Number of protein chains: 2
Amino acid sequence: MWRLPVSVLLGTKVHSVTQHLLSGTANLQCCWWRTVRGTHTGYMSMGIRKVEAPDAEHLIRVQWEDGSESHYPCVWLRDNCQCPQCFLHSAKARKLLFEDLDVDIVAKEITLTDRKKVSITWPDEHTSEYEAEWLKKRCFSEAARAEMREDLFLPGHEYWGSDLQLPKMPFEEIMYDDESAYKWLCTLKKTGVVLLTGAAARQGELVKLGHRIGFLRLTFYGPTWQVQDKADANNVAYTTEKLCFHTDYPVLQHPPGVQLLHCIKQTATGGESEIVDGFHAANKLKQQNPQAYQILTSTAVDYTDVGVDYCDFAVQGKQRIIDVDYKGQVVRINFNNATRDTVFDIPAEEVRPFYAALKEFNDLLNSKEHKFTYKLKPGDIVTFDNWRVLHGRKGYPPGSEVIRHLEGAYADWDVVMSRLRRLRKRVLNRD
Amino acid sequence: MWRLPVSVLLGTKVHSVTQHLLSGTANLQCCWWRTVRGTHTGYMSMGIRKVEAPDAEHLIRVQWEDGSESHYPCVWLRDNCQCPQCFLHSAKARKLLFEDLDVDIVAKEITLTDRKKVSITWPDEHTSEYEAEWLKKRCFSEAARAEMREDLFLPGHEYWGSDLQLPKMPFEEIMYDDESAYKWLCTLKKTGVVLLTGAAARQGELVKLGHRIGFLRLTFYGPTWQVQDKADANNVAYTTEKLCFHTDYPVLQHPPGVQLLHCIKQTATGGESEIVDGFHAANKLKQQNPQAYQILTSTAVDYTDVGVDYCDFAVQGKQRIIDVDYKGQVVRINFNNATRDTVFDIPAEEVRPFYAALKEFNDLLNSKEHKFTYKLKPGDIVTFDNWRVLHGRKGYPPGSEVIRHLEGAYADWDVVMSRLRRLRKRVLNRD
């Protein structure tokens, strides 16, 4: 199914990567195959040597054929009984009510059948059965959980700078070939950007792409939106002027995770696109200027967006420029200078230090080392992680006619990752 | 425009409220009028007595006619120049590029005109003008910022328990009368639940309600979804069984903020609805069992949802049961026992303490003191805050026919709050 060599399609130069990955094109390819093949084949054959419930402990111990051990808390086992009374298999969802769960439960009797199945009888005579493979996947060890996390969320990033070799794939191929579509979404998740080439140069291709994923995200700018010079523009993007690095829609509580920009018409002069890996720059800032990083990860910035488009709107939001989760991990960049509000809800004495910190970050984004410049051609669709990759464009000459026209759309990461998992299942023929 | 007395429409009993609010029906009414009238009329007439730029400070001081003072950092003033070169008025958005802003800027010359307008000339001779009213609104004092926050986000909650008097409003009225629609959304934000009565008992009313707000949130379950007993149910809600307290869709990174449930057909026996104020219960838990609260605000719980509906899907997510923002404020409850995954990504020794903590919280939710029971009638639409209010229903007898049918839909808080602000502007005729 590969119409081009993998090294061309995925020629991203990798700077700094997750623990498991090395640098260079060959390794991105390697990473891709690792993901394709999955790492769960080991679950299939591992049998159980022994299972026991130590007295006075609220867990059972499983000893595997390779000598390793897993511990499973009894309350978790009872909670996850897979019998039809406790679990609705058509919905793959728990029926057992939380109210009916005894958090201090212990097993009354445990049986190991054929090294493949553990049966537990509970004090009220209810019986639960667990397959060895099911248990192995859900082992509570740090290593097993890390593997499961990798499998479910593909959390690693491959950072890049100005020497990015933009990953490219033919639009037609990802539309009709599942393996290619899966590769597209894996690369989008890991690298943050993929260029799809060869779409028709007319409106409507993004709607098709939306159906390929599942569905697009509707916003106040409509199901898709037209980036071109407009009279009385309700957004700075709808002018001919330069747009500095920004993420789209930080005014929303949940900014769109993925952005799709389809070039329908391109100006001869100007209009070049720029992108930068915001996570890479945020990590650099953290090293170089921890105080600026601290300010940008702790200051709520007001955003505003008021106007009329799909319907009339008056949106207000607060976001941190560098958004971290409760564990301190960078999860999103929220920076759009145009929609940053005139209202600024911090004490006056914190204002100048904030601007200084943002300047440090903005300088990093715009440094020659980090930013990557390219020019979209009609039929190109750039797909990128709007939580991570900031984008901008150079200005171009205004005129009486529309000389540059992009169609844009958004999708949520939940929808994109859901499609990725479904495609993987189909491509690899595994659960 | 009021067809029913306010005390009937908004008869919510208030337990514990924000600093500004007292208890009882009369005060909710008072709060409502406070919100309707706004608190910004004071901005209109306040003139400036004096404006100065102290040497060696990067701010200007404004002395108001009442003797009070506001300080504005120069960099913020320059950043928010409202001239057409720096600000795109058709989009109400900043044009000035961040790169072009000098964070160490100071004013070269300041002029006060007619006590109503401050003009600043900057070192490069660029001139900015600021209206007194514009400046007053954006004063950096804690009090002014709190007022602006209240105005933009209505952050206060009116907590309730089992003695809730469910706020009710006629569906027709909120559809056609802006003042009523505004009141509906204000109450939805503050109290978390409003029952709309008298809709037609057929599918499609929620789509109309969606247009009234702006647009609904599409999910894998479709634009709207039918809650009734289904063969091979892909969700536990699509059975006749009891549903314990839950929030919808915690598997999504951004669960729907508002839920709309329209009763089309109701069973004679069973099927009663239950709701509980999750924020109120979370606050109780924090007081009664800080350790359990700490566990539920810091443990990422895995959720899963796999199936086929609007399209095929395989969604995975991690949420904390009691979700707090980076300042430690409770912002969302994420609890759905059915879609809580069998995968649990925490060390084995933390499992039993987690279940014990969740039991404490679940007991509070289900206590007689907290839960409120009612039964929907055909034509009723319950609208509620899905981030705050947990809902459930009692089971009902299965049969060969559909004897109970609700239509459901979701909306995002961004969309609902946007409509609230637009309605307020129209009702109060103010910016």
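Worth saying up front: this structure is predicted, and the values here are computed from it rather than measured.

### Re the overall build of chain A
Helix and strand counts for chain A stand at 13 helices and 22 strands. Relative to its 431 residues, chain A shows a buried fraction of 63%. Put simply, 73% of the contacts in chain A that link residues at least 6 apart link residues at least 24 apart. In the structure as shown, chain A presents an accessible area of about 16,800 Å², 50% of it carried by carbon and sulfur atoms.

### Concerning the side chain of Thr219 of chain A
Within the secondary structure, Thr219 of chain A sits in the loop between helix 9 (205-213) and strand 11 (225-227). Classification of Thr219 of chain A by relative accessible area gives buried; the value is 2%. Setting aside anything within four residues of it in sequence, one finds Thr219 of chain A in contact with Tyr249, Tyr310 and Tyr410 of chain A together with Phe215 of chain B.

### Quick look at unusual backbone geometry
Residue and element names in this part refer to chain B. One non-glycine residue, Asp114, lies in the positive phi region at around 60°. Residue classification places Asp114 among the exposed residues on the basis of a relative accessible area of 68%. If you check the backbone angles, Glu125 has positive phi at about 75° while not being a glycine. Along the chain, the position of Glu125 falls in the loop between strand 7 (117-121) and strand 8 (127-131). Under the relative-accessibility criterion, Glu125 is labelled partly exposed at 47%.

### Some details on the interface of chain A and chain B
Taken residue by residue, the interface counts 97 residues in chain A and 97 residues in chain B. Summing both partners gives a buried area of about 8,400 Å² for chain A against chain B, and 58% of it is carried by carbon and sulfur. If you sort the residues of chain A by the area they bury against chain B, Phe98, Thr342 and Arg352 of chain A come out on top, with a joint share of 9%. Between chain A and chain B we count 16 salt bridges in total. Between Arg426 of chain A and Asp312 of chain B there is a salt bridge; the shortest N-O distance is 3.9 Å. Scanning the region where chain A abuts chain B turns up 50 residue pairs in polar contact (both at pLDDT 80 or more). Partitioning the side of chain A that touches chain B into residue classes produces 48 nonpolar, 22 polar and 27 charged.

### Quick look at the sheet that holds strand 10 (residues 193-197) of chain B
All names here are of chain B. Read across the sheet, 6 strands follow the order 9-10-20-13-22-11 without closing on themselves; strand pairing throughout is mixed. The open sheet has two edge strands with one neighbour each: strand 9 (168-170) and strand 11 (225-227). On average, each strand axis in the sheet is tilted by 25° relative to the strand beside it, whichever way the strands run. Note: strand 13 (residues 258-265) against strand 20 (residues 381-385), 5 bridges, orientation antiparallel. Paired with Leu261 across the bridge in strand 20 is Val382. Helix-sheet contacts for helix 8 (residues 178-191) involve strand 9, strand 10, strand 13 and strand 20, and the interaxial angle to strand 10 is about 145°.

### Let's talk about the environment of Met175 of chain B
Residues and elements named next belong to chain B. Within the fold, Met175 resides in helix 7 (residues 171-176). On the basis of relative accessibility, which here comes to 13%, the residue Met175 falls in the buried class. Counting along the chain gives 81 residues from Met175 to Pro256, while the straight-line C-alpha distance between them is 22 Å. Beyond its immediate chain neighbours, meaning those up to four positions away, Met175 contacts Lys208, Leu209 and Arg212.

### Details of the UniProt feature "domain: Gamma-butyrobetaine hydroxylase-like N-terminal" (unreviewed entry) in chain A
Residues given the UniProt feature "domain: Gamma-butyrobetaine hydroxylase-like N-terminal" (unreviewed entry) here are residues 56-135 of chain A. Helix makes up 12% of residues 56-135 of chain A and strand makes up 38%, while its end C-alpha atoms are separated by 22 Å.

### Thoughts on helix 10 (residues 278-288) of chain A
All names here are of chain A. Listed as buried for helix 10 are Gly278, Phe279, His280, Ala281, Ala282, Lys284 and Leu285. Contacts from the buried residues of helix 10 go to strand 14 (273-277), helix 11 (290-296), strand 17 (322-324), strand 18 (330-333), helix 12 (351-365) and strand 21 (389-393). With a side-chain oxygen positioned 3.2 Å from the backbone nitrogen of Phe279, the residue opening helix 10 is Asp277.

### Some words on helix 12 (residues 351-366) of chain B
When the terminal C-alpha atoms of helix 12 of chain B are compared, their 22 Å separation across 16 residues agrees well with the 22 Å that a helix rising 1.5 Å per residue should span. All of the buried residues in helix 12 of chain B are Val351, Phe354, Tyr355, Ala357, Leu358, Phe361, Asn362, Leu364 and Leu365 of chain B.

### Some words on the packing of helix 8 (residues 178-191) of chain A against helix 13 (residues 413-428) of chain A
Residue and element names in this part refer to chain A. Look at helix 8 against helix 13: their axes get within 9 Å of each other, and the N-to-C directions meet at 140°. For the element pair helix 8 / helix 13, the angle class is oblique. Helix 8 and helix 13 meet at a crossing whose hand is left-handed. Each of Asp178, Glu179, Ala181, Tyr182, Leu185, Cys186, Leu188 and Lys189 in helix 8 lies in contact with helix 13, whose residues at this interface are Trp413, Val416, Met417, Arg419, Leu420, Leu423, Arg424, Arg426 and Val427. For the contact of helix 8 with helix 13, a count of residues per class yields 11 nonpolar, no polar and 6 charged.

### Things to note about the relation of the copies chain A and chain B
Between the two copies, chain A and chain B, the superposition gives an RMSD of 0.0 Å; the rotation angle is 180° and the shift along the axis is 0.0 Å. Those values place the two copies in the arrangement expected of a two-fold rotation axis. When the interface residues of chain A are mapped onto chain B, 99% of them are again interface residues, pointing to one common binding face.

Conventions we followed
- Residues numbered from 1 in each chain as written.
- Chains lettered and ligands numbered in written order.
- Predicted model: local features only at pLDDT ≥ 70, side-chain atom pairs only at ≥ 80, totals over all residues.
- Heavy atoms only, no water.
- Helix = DSSP H or I, 4+ residues; strand = E, 2+ residues; numbered from the N terminus.
- Buried < 20%, exposed > 50% of the residue type's maximum accessible area, 1.4 Å probe, protein only.
- Contact = heavy atoms within 4.5 Å.
- Areas by Shrake-Rupley, 256 points an atom, 1.4 Å probe, with all protein chains shown as cover.
- Buried area = accessible area lost by both parts, 1.4 Å probe.
- Salt bridge = Lys/Arg side-chain N within 4 Å of Asp/Glu carboxyl O.
- Polar contact = N/O pair within 3.5 Å; in protein donor to acceptor, adjacent residues only side chain to side chain.
- Nonpolar A, V, L, I, M, F, W, Y, C, P; charged D, E, K, R; others polar.
- Pairing = 2+ DSSP bridges.
- Axes fitted to C-alpha atoms, helices over the stretch in contact; angles between N-to-C directions.
- UniProt positions renumbered as here; feature names shortened; annotations may be inferred.
- Expected span 1.5 Å × (residues − 1).
- Parallel < 35°, antiparallel > 145°, perpendicular 65-115°, else oblique.
- Left-handed = near helix turned anticlockwise from the far one by under 90°.
- Least-squares fit on C-alpha atoms with pLDDT ≥ 70 in both.

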